[in-house]
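Close look at the chain arrangement
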Amino acid sequence: MKAVKYFSYEVKRLMRERPALLVIILSVLSPLAGLTLYRPASAGTMMSVYLANPALAGGAVSGILFGALTLYELDRTKRKRMEALTDAACPPTDTALIRTAALLPIAAAALMLTMLVWLPVSFFKIGSVMDLTNYCLAYLLFMGLALPSAILAASAAYQFTRRADLSFVLFAAFAGSSLTVWADDWQLCWLNPCVWALSDDFSNFRIFRSVAYMRLTWLTGLAGIWTLSWICVRRRGKGIIGSALYSCRRLYRPAAALLLLVCYGIGYAAQPIVDHSDPDPEVMTFAELPYLDGIVCSGRTAQVCPDTSDGTVDGKAVYMFSNSSGREQTAAFGINPGYTVYSAKANGEDAAFSVGGHQEFNEAMLEVAVPAEGDVELVVEYGGFPQESSGFSTHQGYTEISEKYICLQNAALAPRLLNVLPDEGGYPAEIEITLPEHMTVIPFCASEAERISANDGMAVWRYEDSGTGGILYAGDYICQNIEAGGIDIQFYYGRKHREVMETAGASEAVKTVVDYCTEHYGPLSFGSGGSLKLIQSRVYGGGYAGGGASLLDEEDFTSDNLNGSGKGAAPGEVMIHELVHQWWGLANMFDPSDSTDPWSAEGLTVYTAYRIVKELYGADYAEKYYTEQWRKETDDYYLNFYVREPEYLDRLPEDKRAEITGALSHVRQYCEMPLKILKAEKLVGGEEAMDGILSELFSREPDPAYPYLTYQNFLDACGLKEEDLELG
Amino acid sequence: MGKIFIYECKRLLCNKFFFGILLILLFYGRQVLNDITIMGVSHTAPFSAWSFGDYLSRMIPVLWIATLLFLTFFTSPAARRVSVLTDAAPMPPRRYEAVRCCAALAASVLTALVCIAEAAVFYGVYFGRCDIGSLTAPALVTALPAIMFALGSGRFLGQINERLVYIWMAAPLAAAALPLPGAMGIWNGSFFTEYPLLTGSTEPAFAVPAEIAAVQCAFLVCGAVMSVCRFGKK
Ligand SMILES: [Zn+2]
């Protein structure tokens, strides 16, 4: 009872103290840093820019502030020489516990206040795609839990050392490590979680789970360290060892410390989020596996049931083998390392199976014995929480499984057969997936998914595929059917994005671009069977296309991007730009290794968008909003100090130089190169001649060794030399 | 009197609080230099007087807040308690306050010098040149009026109400966000980014148009007057 009284007294006292108030005020302001100075989330989605970054910066800054406040408050009694006095009134361990605990409500108050203040700002900045779930989770996890961690760490440092300056240095080093050397290690960055993007249109539970896991393990660990330091709280004028020995007479204290630290160790080592794939991308033992003799696979089916509430998957995969070798053989499958294989049955009998420890490219190897019978039906039951690749641990979140979005790729969908050849049919596959009723299933291939039954709010979908892998998207999608360029296009985008897409005239843009580009450059190679799916994906940092489907990264369709300048004068024109990338910019079109190369996907894309706009709105409009802008920006670029005096650029250290070249490359790619192409157009004899050249370049037979379209290719096709296109 | 000035300076400078401010200032300065100044402002070199002036105008909010904090250092309740002791010293309180104001000014000027020195080191390391002469003019026209005005206005507001000084700290942030008239271009940095473009040449020499100079002078004088004069009750 006395403790409770003291605790509430302590909280009330803190609330009136100037330093605590200052820390609260600064904490409320701290998300500002995420809009300006500290922007760890690199993606361009609205949620990344206006929610993740402010919350992350808020966590980092207010975490440090609360650490400092903790030290200040703990040192206060010592400074004021009240120690002997308070020690007499209450055992020092109790006092220490209460002092640290009293800071937690202050931290909670700071968080609540921050969330209240920033809520309207976020709604205003993020617009129609903003929602409360993401907001609360982002602030609680990215910012909120940084505060108790910092308080525990600082308090532990003080209780060990009993010196404010020394513990401040320790705490600063601990926080500094998180911000620098540990910043790219998702488990170690205790202060600033490793978040690169939050999706606007779909959910973000996967990345929230990962951050929550990191936070909880650290809180456990720091609580353990704190308990250890608490044992060392000096009492009866004894030293650190004497006090610790005295404290340990109550056994639950060391036991609690030990338990917490062991929990932390286990939690750290056995994390379920990221796999242990071989970091060396040259290691491809799964791909080099020899095919088995005398055994072929004639088809497979899979029934997949994702659990959208806890982000797991359960599945049953059936493989049809015909084994003509007359002996038992071992079939190998790649399976997501997070999955457990529950059972394997061959023709109804239990078959021996094992999952290997080696992992590569986000797969572990499952080996199952295929008996020496002619036709074998192998049934594998598997399930669990899919892990993401360790190589992408700084870019987590793509294996999102929720009511809003699902993306299951290859071995995360069903075990991927590695060492058995198909019979004549290829590997025909029939996939069934059970999902909440409102979700649309979009297989990333030419075939359509068909809804075969529905009950209890769940629906079963079925589609045909071929091959050993396969990618499945599902989500709360809107589908628009558009006929353009002689093919049927299914344009899928997130329901939350409807407003933005409609404002930007998305479906008209699709029609315009596909018509124009098909006519001028030729049909898309991956549009198969007269149909093409354009799927807006969750933020991914790129896209891929093939087999009748192509991804559109949501990052390219945010209202910030659509309203931004450089890619077009109006949202609809930016939409056109992004869609033209389906022709110029996917897969093997441009060498992605040097992102500052002036010759990039952007040059031809910007040029094509300009031509489309010219056709739509006339030459004057295109001149005013395109060529004139390019000229202005390019002139500015030529005036830039580093362009005028390149020797100063060479003097700079490597990283600075790269940064500046990167900053300048935007103009070179988006303005200078289109101007050069425009100049080439004049030199080759007009628009029609240029269209002919580009059409040839688009449909050229790429060299497998270096499949990219180079600037030299372009110049050769035009019959021009590099100096012909110099602007001046 | 000199002795007391030195004592007050020492009290202000040899203090964790002063070093904390310096640390924040250096960190913020480094960010500005590395992210913005390094690109050069309005086509000019990063080490031109224009880019340097832009850097300083971005540092004004920090210098401003620092100056006001130095002032509150002498007027906070804790400082008042000390002043009960020092008031016993044989010196008229009016004189004594002037000395403290001078000490705050000295600390602010020192902070500004640190900020300038940081830029000079940055120029030396990255560009191998550091022409202090060309940096003097922008420093004088940008930092000095800001510090002086912060000191004067802060002292004035402090006499009305202690809390007003804290609110006043946000003033330059507001100035940076507001569309100020061209003559006040130094306070939101627009002068340094826009004026060189008007000259038409790529590396224009540093020049201050009359109206800007007049406004800065007015701020300087206002600040000086307010920090010397005494207002209100006794
Ligand atoms: Zn583009």
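This structure is a prediction, so every number in the text was calculated from the model and none was measured.

1. Some remarks on the coordination of the zinc ion
Ideal values differ by geometry: the angle at a metal is 109.5 degrees with four tetrahedral donors, but 90 or 180 degrees with six octahedral donors. All names here are of chain A. For the zinc ion, the protein coordination sphere consists of H577 (NE2), H581 (NE2), E602 (OE) and E602 (OE), at 2.0 to 2.5 Å. Geometry at the zinc ion is irregular, judged from the four donor atoms that bind it and their angles of 56 to 145 degrees at the metal. Along the chain, the residues donating to the zinc ion fall in the pattern H-x3-H-x20-E. Of this pair, H577 sits in helix α16 (residues 571-580) while E602 sits in helix α17 (residues 601-617), and the two are 25 residues apart along the sequence. As far as the burial class goes, H577 and E602 line up, both buried.

2. Description of a negative patch on the surface
All names here are of chain A. A contiguous patch of negative charge, built from E722, E723, D724 and E726, is present on the exposed surface. Mapped onto the secondary structure, E722 falls in the segment after α23 (711-718). With relative accessibility at 43%, the residue E722 sits in the partly exposed group.

3. With respect to the environment of S298 of chain A
Residue and element names in this part refer to chain A. Here S298 is to be found in strand β1 (residues 295-307). Relative accessible area serves as the criterion here: at 32%, S298 is assigned to the partly exposed category. Not counting residues within four places of it along the chain, the set of residues in contact with S298 comprises M320, D423 and P428.

4. Considerations on the environment of A98 of chain B
Residue and element names in this part refer to chain B. Relative to the elements of secondary structure, A98 occurs in helix α5 (residues 93-127). For A98, a relative accessible area of 39% puts it in the partly exposed group. Counting along the chain gives 27 residues from A98 to L71, while the straight-line C-alpha distance between them is 12 Å.

5. Observations regarding the sheet that holds strand β16 (residues 471-475) of chain A
Residue and element names in this part refer to chain A. Here we have three strands laid out as an open sheet, ordered β9-β16-β13, and antiparallel in their pairing. Each of the sheet's edge strands pairs with one partner strand only, and the pair in question is β9 (405-409) and β13 (440-443). Shown here is a sheet whose adjacent strand axes are inclined to one another by a mean of 15 degrees, direction ignored. In this structure, β13 lies alongside β16, joined through four bridges in antiparallel fashion. Directly across from I442, in β16, lies its bridge partner Y473.

6. Regarding the packing of helix α2 (residues 18-29) of chain A against helix α4 (residues 46-79) of chain A
Residues and elements named next belong to chain A. Relative orientation of the contacting elements α2 and α4 amounts to 175 degrees, with a least axis distance of 9 Å. When the interaxial angle is binned, α2 and α4 end up roughly antiparallel. Listed contacts from α4 to P19, A20, V23, L26 and S27 of α2 are S62, L65, F66, L69 and Y72. Residues belonging to the contact of α2 with α4 are distributed by class as follows: eight nonpolar, two polar and no charged.

7. Digging into the side chain of T518 of chain A
Inspection of the secondary structure assignment puts T518 of chain A in helix α14 (residues 506-521). Overall, the relative accessible area of 18% leaves T518 of chain A in the buried class.

8. Things to note about the domain arrangement of chain A
All names here are of chain A. Domains assigned within chain A are domain 1 (2-215), domain 2 (295-475) and domain 3 (479-725). Distance between the C-alpha centres of domain 1 and domain 2: 42 Å. Domain 1 puts 12 residues into the contact, and the matching count from domain 2 is 17 residues. Of the roughly 1,300 Å² buried between domain 1 and domain 2, counting both surfaces, carbon and sulfur atoms make up 54%. Contact with domain 2 buries surface across domain 1, with W196, R206 and R209 losing the most and accounting together for 50% of the total. Residue E388 pairs with R206 through a salt bridge whose shortest N-O separation is 3.5 Å. Put simply, domain 1 and domain 2 have nine residue pairs in polar contact (both at pLDDT 80 or more) between them.

9. Focus: unusual backbone geometry
One non-glycine residue, R162 of chain A, lies in the positive phi region at around 60 degrees. Mapped onto the fold, R162 of chain A is located in the loop between α8 (146-161) and α9 (164-179). Here S42 of chain B, not a glycine, exhibits a phi torsion of approximately 50 degrees, which is positive. With respect to the helices, strands and loops of the structure, S42 of chain B is situated in the loop between α2 (16-35) and α3 (49-75).

10. Considerations on the packing of α14 of chain A against α17 of chain A
All names here are of chain A. Where α14 contacts α17, the axes come no closer than 11 Å and their chain directions differ by 110 degrees. In terms of their interaxial angle, α14 and α17 are classed as roughly perpendicular. Packed against α14, whose contacting residues are T512, V513, Y516, C517, H520 and Y521, the element α17 presents T608, R611, I612, E615 and L616 at the interface. Its residues placed into classes, the contact of α14 with α17 shows six nonpolar, three polar and two charged.

11. Topic: the pairing of strand β17 (residues 477-484) of chain A
Residues and elements named next belong to chain A. One ladder, built from eight bridges, connects β17 with strand β18 (residues 487-494); its direction is antiparallel. In the strand pairing of β18, E483 is matched with D488. Count of turn residues in the β17/β18 antiparallel hairpin: two residues, of which G485 carries a positive phi of about 55 degrees.

12. Digging into the pattern of salt bridges
Residue and element names in this part refer to chain A. According to the stated counting rule, one finds 26 salt bridges over all chains in the structure shown. D165 is paired through a salt bridge with R163; the nearest N and O atoms lie 3.3 Å apart. What makes D165 partly exposed here is its relative accessible area of 41%. D691 serves as the salt-bridge partner of R611, at 2.9 Å between the closest nitrogen and oxygen. Taken together, the residues R611 in helix α17 and D691 in helix α22 (residues 687-698) connect sequence positions 80 residues apart. The two residues R611 and D691 agree in class, both being buried. Each of E10, R13, E17, E73 and R76 takes part in one network of salt bridges that share partners.

13. Comments concerning the nonpolar core
Within soluble globular proteins, side chains that are nonpolar generally end up buried alongside one another. Counting residues in each nonpolar core, the largest one holds 134 residues, and the members touching the most others are W584, Y642 and F714 of chain A together with F127 of chain B. For this core, the element with the most residues is α3 of chain B, which contributes 16 residues. Leave out the neighbours within four places in its chain, and Y642 of chain A touches Y648, L649, L652, I660 and L664 of chain A together with I38, M39, P46 and F127 of chain B. Counting 46 residues, the second-largest nonpolar core is a separate cluster that includes A317, A331, V420 and I433 of chain A.

14. A short note on the state of the cysteines
Covalently bonding the sulfur atom of one cysteine to the sulfur atom of another cysteine gives a disulfide. Considering all chains together, one arrives at zero disulfides over all chains under this definition. C248 of chain A supplies the cysteine sulfur nearest to C263 of chain A, a cysteine that is in no disulfide, at a spacing of 19 Å.

15. Details of the sheet that holds strand β21 (residues 549-553) of chain A
Residues and elements named next belong to chain A. Here we have five strands laid out as an open sheet, ordered β17-β18-β19-β21-β20, and mixed in their pairing. Strands with a single pairing partner mark the edges of an open sheet, and in this sheet they are β17 and β20 (545-546). Two elements, β18 and strand β19 (residues 531-537), share five bridges in a ladder whose sense is parallel. The residue bridging F491 from the neighbouring strand is L534, located in β19. The strands touched by α14 are β17, β18 and β19; relative to β17, the strand with the most contacts, the crossing angle is about 35 degrees.

Each value, and the rule that gives it
Residues numbered from 1 in each chain as written. Chains lettered and ligands numbered in written order. Predicted model: local features only at pLDDT ≥ 70, side-chain atom pairs only at ≥ 80, totals over all residues. Heavy atoms only, no water. Donors = N, O, S within 2.8 Å, 3.2 Å for Na, K, Ca; no water. Tetrahedral: all angles 85-135°; square planar, octahedral: opposite > 155°, others 65-115°. Helix = DSSP H or I, 4+ residues; strand = E, 2+ residues; numbered from the N terminus. Buried < 20%, exposed > 50% of the residue type's maximum accessible area, 1.4 Å probe, protein only. Patch = residues over 30% accessible without salt bridge, like charges linked within 9 Å, V, L, I, M, F, W, Y side chains within 5 Å. Areas by Shrake-Rupley, 256 points an atom, 1.4 Å probe, with all protein chains shown as cover. Salt bridge = Lys/Arg side-chain N within 4 Å of Asp/Glu carboxyl O. Lys, Arg positive; Asp, Glu negative; His and termini not counted. Charge placed at Lys NZ, Arg CZ, Asp CG, Glu CD. Contact = heavy atoms within 4.5 Å. Pairing = 2+ DSSP bridges. Axes fitted to C-alpha atoms, helices over the stretch in contact; angles between N-to-C directions. Parallel < 35°, antiparallel > 145°, perpendicular 65-115°, else oblique. Nonpolar A, V, L, I, M, F, W, Y, C, P; charged D, E, K, R; others polar. Domains from an automatic or database assignment. Buried area = accessible area lost by both parts, 1.4 Å probe. Polar contact = N/O pair within 3.5 Å; in protein donor to acceptor, adjacent residues only side chain to side chain. Core = buried A, V, L, I, M, F, W, Y, C linked by side-chain atoms within 4.5 Å. Disulfide = S-S within 2.5 Å.

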